[in-house]
Structure formats: structure tokens, C-alpha cells
Amino acid sequence: MGLLERMRKEWFMFGIVLAIAGAKLEPSVGMNGGPLKPEITVTYIAVAIIFFNSGLSLKTEELTSALMHIKLHLFIQIFTLAFFPATIWLFLQLLSITPINGWLLKGLQTVGCMPPPVSSAVILTKAVGGNEAAAIFNSAFGSFLGIVITPLLLLLFLGSSSSVPFTSIFSQLFMTVVVPLIIGQIVRRYIKDWLERKKPPFGAVSSSVLLMIIYTTFCDTFSNPNIDLDKFSLIVIVFIIFSIQLSFMLLTFIFSTRSNSGFTPADTVAIIFCSTHKSLTLEREKLSSQIS
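Cut-off values and rules
- Per-chain numbering applies: the sequence of each chain, read as written, is numbered from 1 onward.
- Whole-chain, interface and lining totals are the exception, using all residues; otherwise, since this is a predicted model, local features are given only for residues with pLDDT of at least 70 and side-chain atom pairs are given and counted only at 80 or more.
- In computing side-chain properties, one takes all heavy atoms of the structure into account and sets aside hydrogens as well as water.
- The numbering of helices and of strands both runs from the N terminus, where a helix is a DSSP run of H or I of at least 4 residues and a strand a run of E of at least 2.
- When we talk radius of gyration, it's over C-alpha atoms, and the globule rule is simply 2.2 Å times the number of residues to the 0.38.
- Each residue's exposure class comes from its accessible area (1.4 Å probe, protein chains only) as a fraction of the maximum for that residue type: buried when under 20%, exposed when over 50%, partly exposed otherwise.
- Pairing of N or O atoms within 3.5 Å defines a polar contact, subject to two protein rules: one partner must be a possible hydrogen donor and the other a possible acceptor, and residues neighboring in sequence count only if both atoms are side-chain atoms.
- Buried Ala, Val, Leu, Ile, Met, Phe, Trp, Tyr and Cys residues form a nonpolar core when they are joined through side-chain atoms within 4.5 Å.
- Residues are treated as being in contact if the distance between any of their heavy atoms lies within 4.5 Å.
- Centres within 6.5 Å make a pair out of two Phe, Tyr or Trp rings, where for Trp the six-membered ring is used; the pair is then stacked when the planes are under 30 degrees apart, edge-to-face when over 60, and tilted otherwise.
- Lines fitted to C-alpha atoms define the axes, with helix axes restricted to the stretch in contact, and inter-axis angles between N-to-C directions lie between 0 and 180 degrees.
- Comment on the angle field: the value is read as roughly parallel under 35 degrees, roughly antiparallel over 145, roughly perpendicular from 65 to 115, and oblique elsewhere.
- By convention the crossing between two helices is left-handed if the near helix lies anticlockwise of the far one by an angle smaller than a right angle, and right-handed if it lies clockwise.
- In this count, Pro and Cys sit with the nonpolar residues alongside Ala, Val, Leu, Ile, Met, Phe, Trp and Tyr, while Asp, Glu, Lys and Arg are called charged and the others, Gly among them, polar.
- UniProt positions are given in the numbering used here, feature names are shortened, and annotations may be inferred rather than shown by experiment.

**What about the overall build of the chain?**
In step 1: Within the chain one finds 13 helices and zero strands.
In step 2: In terms of C-alpha radius of gyration, the chain reaches 19 Å, essentially the compact-globule figure of 19 Å for 292 residues.
In step 3: Projected onto its principal axes, the C-alpha positions of the chain cover 60 × 45 × 45 Å.
In step 4: Taking all 292 residues of the chain together, 43% fall into the buried category.

**Side note on helix α6 (residues 102-112)**
Think of an α-helix as turning once every 3.6 residues; residues three or four places apart then point the same way.
In step 1: Those residues of α6 lying buried are Leu 104, Leu 105, Leu 108, Gln 109, Thr 110 and Gly 112.
In step 2: Where α6 begins, the capping side chain belongs to Asn 101, and its oxygen is found 2.8 Å from the backbone nitrogen of Trp 103.

**A closer look at the nonpolar core**
In step 1: If you look at the biggest cluster of nonpolar residues, it comprises 36 residues, and the most contacted ones within it are Phe 51 and Val 177.
In step 2: Among the secondary structure elements, those contributing two or more residues to this core are α3 (38-57), α4 (60-67), α5 (70-95), α7 (120-127), α8 (132-158), α9 (166-198), α10 (202-222) and α12 (265-276).
In step 3: Looking at which element gives the most residues to this core, the answer is α8, with six residues.
In step 4: Setting aside chain neighbours within four positions, we find Val 177 in contact with Val 47, Phe 51, Val 118 and Ala 140.

**So, the packing of aromatic side chains**
In step 1: Across all of its chains, the model carries 11 aromatic pairs by this definition.
In step 2: Judged by centre distance (6.2 Å) and plane angle (10 degrees), the ring pair of Phe 75 and Phe 79 falls under stacked. Of this pair, Phe 75 and Phe 79 both sit in helix α5, four residues apart, which is roughly one turn of the helix.
In step 3: On the basis of an interplanar angle of 85 degrees and a centroid distance of 5.6 Å, the ring pair of Phe 79 and Phe 248 is categorised as edge-to-face. Of the two residues, Phe 79 sits in helix α5 while Phe 248 sits in helix α11 (residues 231-256), which places them 169 residues apart along the sequence.

**Looking at the packing of α6 against α11**
In step 1: As a packed pair, α6 and α11 sit with axes 10 Å apart at the nearest point and diverge in direction by 20 degrees. As far as their axial angle goes, α11 and α6 are roughly parallel. Between α6 and α11 the crossing geometry is right-handed. When α6 is examined against α11, the residues Leu 104, Leu 105 and Leu 108 are found in contact with a partner set consisting of Ser 233, Leu 234, Ile 237, Ile 240, Ile 241 and Ile 244.
In step 2: Split into classes, the residues belonging to the contact of α6 with α11 amount to eight nonpolar, one polar and no charged.

**Here's the deal with unusual backbone geometry**
In step 1: Even without glycine at this site, Lys 37 takes up a positive phi of about 50 degrees.
In step 2: Here Lys 37 lies in the loop between α2 (11-25) and α3.
In step 3: Overall, Lys 37 belongs to the partly exposed group, its relative accessible area being 39%.
In step 4: For Lys 199, which is not glycine, the phi torsion reads 50 degrees and is therefore positive.

**Observations concerning the UniProt feature "transmembrane region" (unreviewed entry) in the chain**
In step 1: As recorded in UniProt, the sites labelled "transmembrane region" (unreviewed entry) are residues 41-58, 70-91, 103-124, 136-157, 169-188, 200-218 and 233-255.
In step 2: Here residues 200-218 runs as 89% helix and 0% strand, with 30 Å between its end C-alpha atoms.
In step 3: Split by type, residues 233-255 is 100% helix and 0% strand. Its first and last C-alpha atoms lie 32 Å apart.

**Overview of the environment of Asn 101**
In step 1: Mapped onto the secondary structure, Asn 101 falls in the loop between α5 and α6.
In step 2: When the C-alpha atoms of Asn 101 and Leu 234 are compared, they prove to be 8.3 Å apart, with 133 residues separating the residues in sequence.

**Things to note about the packing of α2 against α10**
In step 1: Where α2 contacts α10, the axes come no closer than 8 Å and their chain directions differ by 25 degrees. In terms of orientation, α2 and α10 fall into the roughly parallel class. With respect to the hand of their crossing, α2 and α10 are arranged in right-handed fashion. Between α2 and α10, the residues in contact are Trp 11, Phe 12, Gly 15, Ile 16, Ala 19, Ile 20, Gly 22, Ala 23 and Lys 24 and Ala 204, Ser 207, Ser 208, Leu 210, Leu 211, Ile 214, Tyr 215, Phe 218, Cys 219 and Phe 222, respectively.

**What about the environment of Leu 158?**
In step 1: Checked against the element boundaries, Leu 158 lands in helix α8.
In step 2: Each C-alpha atom of the pair Leu 158 and Thr 110 lies 8.1 Å from the other, and the pair is 48 residues apart in sequence.
In step 3: Discounting residues that sit within four places of it in the chain, Leu 158 has contacts with Lys 106, Gln 109, Thr 110 and Leu 153.

Below, the structure is given as C-alpha cells:
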């Protein structure tokens, strides 16, 4: 397989590398307040495009069927909002006696308390043929739950109180997730035959939007000149995050593929991505409020 053919087939992976490299070279372009205005284009427009795209591509019966899959929803929400943060807390008790930077450990616990991602879990589930409808429901439902549960988890595990702009986040989620999904479903009714005949590249559109989210996230990271961390702590924490991610993905795979689990292979894909990934978009909004 030639290089160009490989790049065409694995364009998303190459896109991630280019997005991170571009963010490193000129972070001011995609940082908050920069020319791309990610606080608007990503937080609102990009997420709305993803869910409009999903509403357009999914059959109404698939969404209805996913809504009734209570066992799957309970598994994902309990894992991501209870098991995940509790396990991280236990693990950090061991790491607290090491020389790893304490703020990095607190950051890891904070991320562990976040709800499922609004967009990336849906895109990744769709990309590998998983239960996209279930991923949509759990991403949206988990984000709404996170408005209430995440501050309580932060208080429990970090002893920090947080003031969350409930109305602002709720309205943002409703306008960027629920409304675009409904509009996509309505539009689908009128162009259903055309969609089935032409089969537009819905997956490629959503993946491209995710690359934009990744790019602007790294722009924000690289644009912060005040990050003063020792290399040891940084390297170790990256290894820890990688290990935790793989371990949790393996754990959810094992539990969801048992003979008596009642989950299909497509359900397993949704479970893996929704249970083990944490919010990128909402995290900014929630942590922008003062945590004292």
C-alpha cells in the first residue's frame, strides 16, 4: 500500500497529528479569543453540526429503540459518573506519596469527575459502526446529569465547592444538542429518499468537526505561557492517563461482551467510548466558574 493510499485511508489519524502540530506552531489562531473564535465556533456551531448531522443520518426508529435500552444507559452513567471518579480517587491516594506534581493529580481527579463527552464519543462510535443512537442519548443525558453531579463529585473527592451556571449550561446543551438533533430528524423526513440514494459522507463530516475541536483544544493548551511543570511529572502523568484509558476501555469491553450481558457488538462500541471518555467542551464551561 502506497503512502498516498495509506494517508487517504487513515486520514483522520494523520489529521490529528497535523492538528496538534498546527496548534503548536501558531496557537494564537485557535485559542479562545483568537481569529477562529472557538468559544463560539466550537462550543456552539461545531457541536450543533455534529448533532444535526446525526439527526439527519439516523432513522427515527433507531433513536426510539436506543431510548428504551435502559440497561445500557445505566451501565454507562454508573461507570462514568460513579465507578470512574471513585477508582481515580483510590489510585491517586497511592500517587499522592510520589513526587508527581500535586496540581496534576488534582487535575486528573477533576477530569475523572466530568460527564461523558458531548461530541467525540458520538463521532468515534459512528466511525467504527457502533450504536450511534445510544451514544447520542448517553452523551446528552450524561452532560445534563453532569450539571448537578459533577460539582458534588468535586466536593466529595477534592473538598472544593463549585458554582455552576446551571441555566447557562442547560440552555447551551439544549440549543447545541437537542434542537439540532430534532431539526436533523425533521429535515430527514423530507429528503429521506435522496439520503438513501446518495449516501452523504456523514462520518467524514463529523470527524472533520472533531479535528477542529482537537485543534482548538491544543491551541488553548499551547497558548498558556504560565505552565510550569517539571518534565518528570508531565511524562509520568501522560503515561498514567494512557494506562487508565486503556485499562478502562478493556474493562468495559470485558463486562459488555459477557455471554449474559445482553449487549450487542454495536452496544459494546458505544459503551467503550461513552463510559471511558470525558467531556472536552463542557469541561471548559464548568471549570470557568470559580472553584474555591
